[in-house]
There are 2 protein chains.
Amino acid sequence: MKTEHTNKIPEGDCLPSVLADRGIRPTRQRLALASVLFGGGHKHVTAEQIVMALHKRKARVSLATVYNNLHHFTQVGLLREIAVDQTCTYFDTNTTIHGHYFDEVNGALYDIPDEALTMINLPQPPQGRKIKRVDITIRLSKAEG
Amino acid sequence: MKTEHTNKIPEGDCLPSVLADRGIRPTRQRLALASVLFGGGHKHVTAEQIVMALHKRKARVSLATVYNNLHHFTQVGLLREIAVDQTCTYFDTNTTIHGHYFDEVNGALYDIPDEALTMINLPQPPQGRKIKRVDITIRLSKAEG
DNA sequence: GTGTTTGCAAAGTGTTTGCAATTTA
DNA sequence: TAAATTGCAAACACTTTGCAAACAC
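Residues numbered from 1 in each chain as written. Chains lettered and ligands numbered in written order. Predicted model: local features only at pLDDT ≥ 70, side-chain atom pairs only at ≥ 80, totals over all residues. Heavy atoms only, no water.

Colleague: Before we go on, may I ask you to explain the protein's contact with DNA strand D in this structure?
Modeller: Neighbouring DNA strand D are 21 residues, the closest being Thr27(A), Gln29(A), Tyr67(B), Thr87(B) and Thr89(B). Close to the protein, within 4 Å, the atoms of DNA strand D are drawn from sugar and phosphate at a rate of 86%. Here Thr27(A) contributes a side-chain N or O atom positioned 2.7 Å from a phosphate oxygen of DNA strand D. Thr89(B) is positioned such that a nitrogen or oxygen atom in its side chain is 2.5 Å from a phosphate oxygen of DNA strand D. Elements with a contribution of two residues or more to the surface near DNA strand D: α2 (28-38) and α4 (63-75) of chain A together with α4 (63-75) and β3 (88-92) of chain B. (Near = heavy atom within 4 Å. Polar contact = N/O pair within 3.5 Å; in protein donor to acceptor, adjacent residues only side chain to side chain. Helix = DSSP H or I, 4+ residues; strand = E, 2+ residues; numbered from the N terminus.)

Written out as structure tokens, the structure is:
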């Protein structure tokens, strides 16, 4: 039997198996991280936000470990990196192709509803290359007037 | 004979007026910068590349001044910033909405032809916000065998 | 002359890395 | 016990800033 990598990630006791299925050792730090990330609903998070969330739960995980594992999770397809701007890296628990609004006024990042944006003719990659990721970001600023 | 494109920024003696039109003082450094940026065809550049290009032309402009003026030019609409990834900021002399390929193999950044990618239903911005910028980036990696 | 701009070097920011101690299987 | 993982602090790369000197008008 082969594990299905659906977009839905189970909660609670299932968390260790989420990691195990991808060949990742379920350490205390990783379980805490997974619980914050996959504990309910999709999220857009920065490393900093993760550390704060962990701290609130009294789970001490160093910033370096958070970074290492966010990248580790990304490599195995549990997360998707989002290029919003150069000052800060966001990770998205929704790994499907979809766009984001980035609100410059308050730094908020949220999904563009699928029905609000349609792309057709996603182009073929050039020779010898494959599409690794598609980033679509609509930056918002304060409407004047 | 070559026909000049219409939405190109004029060269030579016209450069000072490009700046003057936007209320920017045409200093030696800014003219050199404008000449590299707008000297022919649209370009995607980093601050580092600009400094190297200027150096080749024996025009000494400090990195700080290049950064300051790239942002200054962006503010007045001569350039558009592109969020490719967090390690480096690109500026585009083509300020219209269009997508980019970013080739992770060699760091190259180039336009997606208009006909290769079509977006319909560009969404309305939420209440109190306006769309400041649309970033569409397709990241390419090596196609494995 | 007056306000703007420049350039240097220092400071800042988010991220990555080296390595000894710890933990997992 | 062997290999993987963690955490700290130092290193990093890119960008911004403070300020005196130079420049544009």
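Colleague: Help me understand the layout of surface pockets, please; the structure alone is not making it clear to me.
Modeller: Empty space among the atoms becomes visible once a probe the size of a water molecule is rolled across them. Residue and element names in this part refer to chain A. In this structure, the largest pocket spans a volume of roughly 310 Å³. Surrounding the largest pocket, 14 residues form its lining, Thr74, Arg80, Glu81, Lys132 and Arg133 being those nearest its centre. Of all elements in the fold, only β2 (80-85) and β7 (129-142) reach the threshold of two or more residues within the lining of the largest pocket. Tallied by class, residues from the lining of the largest pocket come to two nonpolar, five polar and seven charged. (1 Å grid on protein atoms, 1.4 Å probe; cavity = no way out; pocket = protein on both sides within 12 Å on 5 of 7 lines; lining within 4 Å. Points joined across faces, edges and corners; volume = space filled by probe spheres on them. Nonpolar A, V, L, I, M, F, W, Y, C, P; charged D, E, K, R; others polar.)

Colleague: So what exactly am I meant to see when it comes to the protein's contact with DNA strand C here?
Modeller: Around DNA strand C there are 21 residues in total, and Tyr67(A), Thr87(A), Thr89(A), Thr27(B) and Gln29(B) lie nearest to it. Close to the protein, within 4 Å, the atoms of DNA strand C belong to sugar or phosphate groups at a rate of 85%. The contact in question runs from a sugar or linking oxygen of DNA strand C to an N or O atom on the side chain of Gln29(B), over 2.6 Å. The backbone of Arg60(B) places a nitrogen or oxygen atom 3.4 Å from a phosphate oxygen of DNA strand C. Elements supplying a minimum of two residues to the surface near DNA strand C: α4 and β3 (88-92) of chain A together with α2 (28-38) and α4 of chain B. Top element by residues in the surface near DNA strand C is α4(A). It accounts for five residues. Broken down by class, the residue content of the surface near DNA strand C amounts to seven nonpolar, nine polar and five charged.

Colleague: Is there a simple way to explain unusual backbone geometry in this structure?
Modeller: What is expected of a backbone is that most residues other than glycine have negative phi and most peptide bonds are trans. All names here are of chain A. Here lysine 58, not a glycine, exhibits a phi torsion of approximately 60 degrees, which is positive. By the element assignment, lysine 58 lies in the loop between α3 (47-56) and α4. By relative accessible area, which is 71% here, lysine 58 ends up exposed. (Buried < 20%, exposed > 50% of the residue type's maximum accessible area, 1.4 Å probe, protein only.)

Colleague: In this structure, what is going on with the interface of chain B and chain A? I would like to understand it.
Modeller: How large an interface is tends to be reported as the accessible area lost when its parts come together. Listed as interface residues are 42 residues of chain B and, on the opposing side, 42 residues of chain A. Buried area between chain B and chain A, summed over both chains or domains, comes out near 3600 Å², and the portion from carbon and sulfur atoms is 51%. Our enumeration of links across chain B and chain A arrives at four salt bridges. In this structure, Glu104(B) engages Lys132(A) in a salt bridge whose closest nitrogen and oxygen atoms are separated by 3.0 Å. For the pair chain B and chain A, the number of links is 22 residue pairs in polar contact (both at pLDDT 80 or more). For the side of chain B that touches chain A, the secondary structure elements donating two or more residues are β2 (80-85), β4 (100-103), β6 (118-120) and β7 (129-142) of chain B. (Contact = heavy atoms within 4.5 Å. Buried area = accessible area lost by both parts, 1.4 Å probe. Salt bridge = Lys/Arg side-chain N within 4 Å of Asp/Glu carboxyl O.)

Colleague: I keep staring at the relation of the copies chain B and chain A and nothing clicks. Help me out?
Modeller: Mapping between the two chain copies consists of a rotation about an axis together with a translation along that axis. The two copies are related by a screw motion: chain B maps onto chain A through a turn of 180 degrees and a shift of 0.1 Å along the axis, at an RMSD of 0.1 Å. What we have between these two chains is a two-fold relation. When the interface residues of chain B are mapped onto chain A, 100% of them again fall at the interface, so both copies present the same face. (Least-squares fit on C-alpha atoms with pLDDT ≥ 70 in both.)

Colleague: I tried to follow the sheet that holds β2(A) on my own but got confused; where do I start?
Modeller: Backbone hydrogen bonds are what pair the strands of a sheet, in a parallel or an antiparallel way. Residues and elements named next belong to chain A. Strand order in this open sheet of three strands is β1-β3-β2, and the pairing throughout is antiparallel. Here the strands that pair on one side only, and so sit at the sheet edges, are β1 (44-46) and β2. Each neighbouring strand pair of the sheet contributes to a mean axis angle of 40 degrees, computed without reference to strand direction. Pairing between β1 and β3: three bridges, direction antiparallel. For histidine 44, the partnering residue across the bridge sits in β3 and is aspartate 92. (Pairing = 2+ DSSP bridges. Axes fitted to C-alpha atoms, helices over the stretch in contact; angles between N-to-C directions.)

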